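Chain by chain, the residues run as shown.
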Amino acid sequence: GGEEAGASGGGGEVAEPGRDSAGNTNPSVVLPAGWEERQDANGRTYYVNHIARTTQWQHPGITEEGAAVTSLFEPPGDSEGEGETNRSDRQQYNRRNHMSVDENQRTARNSVSENSSVMENLHNLSLGGEAPPASGGSGHRSRTQSESDTTDAGQQARRQTSQTGPGGKQTPNNLNIEGLPSGWTMQVAPNGRVFFIDHISKKTTWVDPRNSRPSPLPSQSNVPNRRHQDDLGPLPEGWEERVHTDGRIFFIDHNTRITQWEDPRISNPQIAGQAVPYSRDYKRKYEYLKQQLKKPSNVPNKIEIKVRRNTILEDSYRQVHSIPSNKVDTLKTKLWIEFDGEVGLDYGGVAREWFYLLSKEMFNPYYGLFEYSATDNYTLQINPMSGVCNEDHLLYFKFIGRVAGMAVYHGKLLDGFFIRPFYKMMLGKSIELKDMESVDTEYFNSLIWIKENDPSELELAFQVDEENFGQTVSIELRPGGKETRVTNENKDEYIQLVIEWRFINRVRKQMDQFLAGFNELVPLNLIKIFDEGELELLMCGIGSIDVKDWKGNTVYKGDYHPNHIVIQWYWRVVLSFSNEMRSRLLQFVTGTSRVPMNGFKELYGSNGPQLFTIEKWGSPTNYPRAHTCFNRLDLPPYESYQQLRDKLIKAIEGSEGFAGVD
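**A closer look at the overall build of the chain**
Within the chain, the regular secondary structure consists of 20 helices and 27 strands. A sequence separation of at least 24 residues applies to 64% of the contacts in the chain between residues at least 6 apart. Accessible area of the chain: about 32100 Å², with a carbon and sulfur share of 48%.

**Things to note about the nonpolar core**
Among the nonpolar cores identified, the biggest contains 79 residues, and W354, F399, M426 and M539 are the most heavily contacted of them. Among the elements that line this core, the one with the most residues is helix α10 (residues 393-409), at 10 residues. In contact with W354, not counting residues within four places along its chain, are I305, V307, I312, S316, V320, I337, F339 and M406. Residues L232, I266, M581 and F588 belong to the second largest nonpolar core, which totals 37 residues.

**Topic: the sheet that holds strand β25 (residues 625-627)**
What the 4 strands build is an open sheet, ordered β21-β24-β26-β25; its pairing is mixed. Taken across any chain shown, the strands that pair with only one partner, and hence form the sheet edges, are β21 (554-557) and β25. Going from strand to strand, the sheet's axes swing by 25° on average, the running direction of each strand aside. When strand β24 (residues 612-616) meets strand β26 (residues 632-635), the two strands line up parallel, connected through 4 bridges. Along β26, the bridge assignment pairs I614 with L633. Set on the sheet, helix α18 (residues 565-576) makes contact with β21, β24 and β26; between it and β24 the angle comes to about 135°.

**Structural notes on the sheet that holds strand β6 (residues 194-198)**
Spatially, 3 strands are ordered β5-β6-β7 in an open sheet, and the strand pairing comes out antiparallel. Where the open sheet ends on each side, the last strands, each with one partner, are β5 (184-188) and β7 (203-205). Sheet twist, expressed as the mean angle between neighbouring strand axes with direction ignored, is 25°.

**Observations regarding the environment of Y317**
Relative to the elements of secondary structure, Y317 occurs in helix α7 (residues 312-321). Taking the C-alpha atoms as reference, Y317 lies 9.9 Å from M362; in sequence the two are 45 residues apart. Residues in contact with Y317, not counting those within four places in the same chain, are S322, L395, Y396 and F399.

**Quick look at the pattern of salt bridges**
Under the defined criterion, the tally for this structure stands at 29 salt bridges. The closest approach of N and O atoms between E353 and R309, which form a salt bridge, is 3.2 Å. Here R309 lies in the loop between β13 (302-307) and α7 and E353 lies in helix α8 (residues 349-362), a separation of 44 residues in the sequence. The exposure class of E353 is buried, given its relative accessible area of 10%. Residue D435 is joined to K424 by a salt bridge in which the shortest nitrogen-to-oxygen separation is 2.9 Å. Here K424 lies in helix α11 (residues 420-427) and D435 lies in helix α12 (residues 434-437), a separation of 11 residues in the sequence. Overall, the relative accessible area of 5% leaves K424 in the buried class. One salt-bridge network, in which partners are shared between bridges, spans E241, D263, R265 and R572.

**Section: empty space enclosed by the protein**
Under the counting rule described, the total for this entry stands at 4 cavities of 30 Å³ or more. Approximately 110 Å³ is the volume attributed to the largest cavity. Surrounding the largest cavity, Q381, I382, P384, I419, P421, F422, M425, R502, F503, R506, V507 and M511 form its lining. Counting residues per element, the lining of the largest cavity draws most heavily on α11, which supplies 3 residues. Residues of the lining of the largest cavity, tallied by class, amount to 9 nonpolar, 1 polar and 2 charged.

**Brief notes about helix α20 (residues 641-654)**
Look at α20: 20 Å from first C-alpha to last across 14 residues, which is about the 20 Å you get at 1.5 Å a residue. Every buried residue of α20 is accounted for by Y641, Q642, L644, R645, K647, L648, I649, A651 and I652.

**Focus: the confidence of the model for the chain**
Averaged over the chain, the pLDDT score is 75; the fraction of residues at 70 or greater is 70%. Counting interchain partners and residues more than four positions distant, the pLDDT-below-50 stretch residues 69-83 has 8 contacts. Counting contacts from residues 657-662, a segment whose pLDDT is below 50, to residues more than four positions away or on other chains yields 27 contacts.

**Quick notes on the packing of α8 against α10**
Here α8 crosses α10 at 150°, and the two axes come no closer than 12 Å. Compared by their axis directions, α8 and α10 come out roughly antiparallel. The hand of the α8/α10 crossing is left-handed. For the pair α8 and α10, the contacting residues are W354, F355, L358 and M362 in the first and F399, I400, V403, M406 and A407 in the second.

**Quick notes on the packing of aromatic side chains**
Centre-to-centre distance and the angle between the planes together describe a pair of aromatic rings. For the coordinates displayed, the defined rule picks out 22 aromatic pairs. For the ring pair Y317 and F399, a centre distance of 5.4 Å and an interplane angle of 85° mean the geometry is edge-to-face. Taken together, the residues span a long stretch of sequence, with Y317 in helix α7 and F399 in helix α10 at a distance of 82 residues. Under the relative-accessibility criterion, Y317 is labelled buried at 15%.

**What to know about the packing of helix α19 (residues 579-590) against α20**
The contact between α19 and α20 brings their axes to 10 Å, and the two run at 70°. With respect to α20, the axis of α19 lies roughly perpendicular. On the side of α19, the interface is formed by M581, R584, L585 and F588, while α20 contributes L648, I649, A651, I652 and E653. Along the lines of polarity and charge, the residues of the contact of α19 with α20 split into 7 nonpolar, no polar and 2 charged.

**Remarks on the side chain of D208**
Following the sequence through the fold, D208 ends up in strand β8 (residues 207-208). A distance of 2.9 Å separates a polar atom in the side chain of D208 from a polar atom in the side chain of R210. Not counting residues within four places of it along the chain, the set of residues in contact with D208 comprises L180, F196 and R213.

**Remarks on unusual backbone geometry**
The phi torsion at K202 lies on the positive side, around 55°, for a residue other than glycine. If you trace the backbone, K202 turns up in the loop between β6 and β7.

Thresholds, definitions, all that
Residues numbered from 1 in each chain as written. Predicted model: local features only at pLDDT ≥ 70, side-chain atom pairs only at ≥ 80, totals over all residues. Heavy atoms only, no water. Helix = DSSP H or I, 4+ residues; strand = E, 2+ residues; numbered from the N terminus. Contact = heavy atoms within 4.5 Å. Areas by Shrake-Rupley, 256 points an atom, 1.4 Å probe, with all protein chains shown as cover. Core = buried A, V, L, I, M, F, W, Y, C linked by side-chain atoms within 4.5 Å. Buried < 20%, exposed > 50% of the residue type's maximum accessible area, 1.4 Å probe, protein only. Pairing = 2+ DSSP bridges. Axes fitted to C-alpha atoms, helices over the stretch in contact; angles between N-to-C directions. Salt bridge = Lys/Arg side-chain N within 4 Å of Asp/Glu carboxyl O. 1 Å grid on protein atoms, 1.4 Å probe; cavity = no way out; pocket = protein on both sides within 12 Å on 5 of 7 lines; lining within 4 Å. Points joined across faces, edges and corners; volume = space filled by probe spheres on them. Nonpolar A, V, L, I, M, F, W, Y, C, P; charged D, E, K, R; others polar. Expected span 1.5 Å × (residues − 1). pLDDT = per-residue confidence, 0-100. Parallel < 35°, antiparallel > 145°, perpendicular 65-115°, else oblique. Left-handed = near helix turned anticlockwise from the far one by under 90°. Phe/Tyr/Trp six-rings, centres within 6.5 Å; stacked < 30°, edge-to-face > 60°. Polar contact = N/O pair within 3.5 Å; in protein donor to acceptor, adjacent residues only side chain to side chain.

Below, the structure written as structure tokens:
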């Protein structure tokens, strides 16, 4: 910013040129054409040059020596008293007061542009500098004794400059001033960032004159209630984070000289999650599928399923599997799920909760029906040894197929992801060598070597070795395979037989039962319009969560709006969460941790499409509560960021059960 006119000496205030000792404007000096006098919310007077589009503290009609400049545009008065009156009237006409807008009185037009009275001072209080230094460079200063005692470091630095004169600046000891040009000094803004002062041209800048590079961005320690787990990493180059007087955090882009409320890091996919590409082709396929899945006739209006949370798999298996095939249409009617000992009216949210919890149990490797693939502990595949773990495993696979079909039919999502060959088997597609790569990289590399080289020297036979409970068993890939050597001529057949054994033959019985159960709810020929990637999204949704998409498809009720301080705190908490914690929050509010194929814009509630909703409710002593049927979070008006974070985490981690309408 520009130099302040006047300096404080001896702890008191010195009257500035153009003002009396009380700090009031001297009416004897008029403003030149194109200038305007304003007062900010704290009663401080500054001057706006509408021609040059700059602002300054010093009266433009006063020189640095305090002499008045005669205006060429002032008409002479008839008398001294009349001239004084005219000047006073014009002075009052040119004065404009800036008042802060109370947040509770703000209407829906709460965009950043409407807060220009707040934002313009952040940039324009620089008399030609490249960018105003943080806080201290803004040039604001108080005129009351109590406020002058708490004046920020940047204002004190400028007063000290006026006292000592150019070149006499006292630079902090921890700054390296070696090599600075004559007339330059360095200072630290209140937010910790170093800026440079050119006392000759009376400008401030972030750019170091010694190497033409901007000073490093400050740490985020100036943001209140910030802890290490809330650190989102550095801001983009040229950005700065500040705290508004009402406590809200805003961001300054010094590259384009704009300010905004939204954190620019929300556009970083490494922080906010990968963006969801919209697929119009998938949407058409999904709408066609829903048209073909017609509601059955001559069946009850709903099917009631009562389960206990701690035995949800056994209770659900007993009720769903017990329905005979000729009455399986009852599973296509409205689902009415009740958890034992909980009062809840299921308008969709409890059913989503049931699918979520049940799928976690069905796909739990502890039960031996499924196992994690060789490459990670995330994607699932059928356990070829499931019969050893559960003698009724084939009945359970048919039950799991029914549940998966129910999820697709009712538009719900399962909490689990299968290997890509699993979806290809559902679609009746052949499995290729490249499908092996994402499942077992080591095995894939071995087969690639065989494909690209002559395997004769390896002396392989058409058989594979499988380990069963510590014992190695050899399995022939074709009749007489033990005696058939793999050569350069038959290696392609060998590779294809290995793939079929690895993904199909070992789990054929289990897969057949799964497909039989799925086909009872959703005919397999209907899902063949999807490819394997789309089928995965149809059944399980998207695992990673894009916070930017989430925020962009959220509506607010009550007194909340996108720029409300509580909402800003909320999204900052979400941005600081890991993907797992974001999924748990989404599950807490909507009943499922999965996102539909085309993102949050396609979230469904009890009455069809229902965007994620945040509504003001309760008092700061309450915990957040959720209405999963309506995808709504009731968020109390907390008094601090940390209070909101702690309450939200406790609500997510400690919530279980439904009460009332959900």
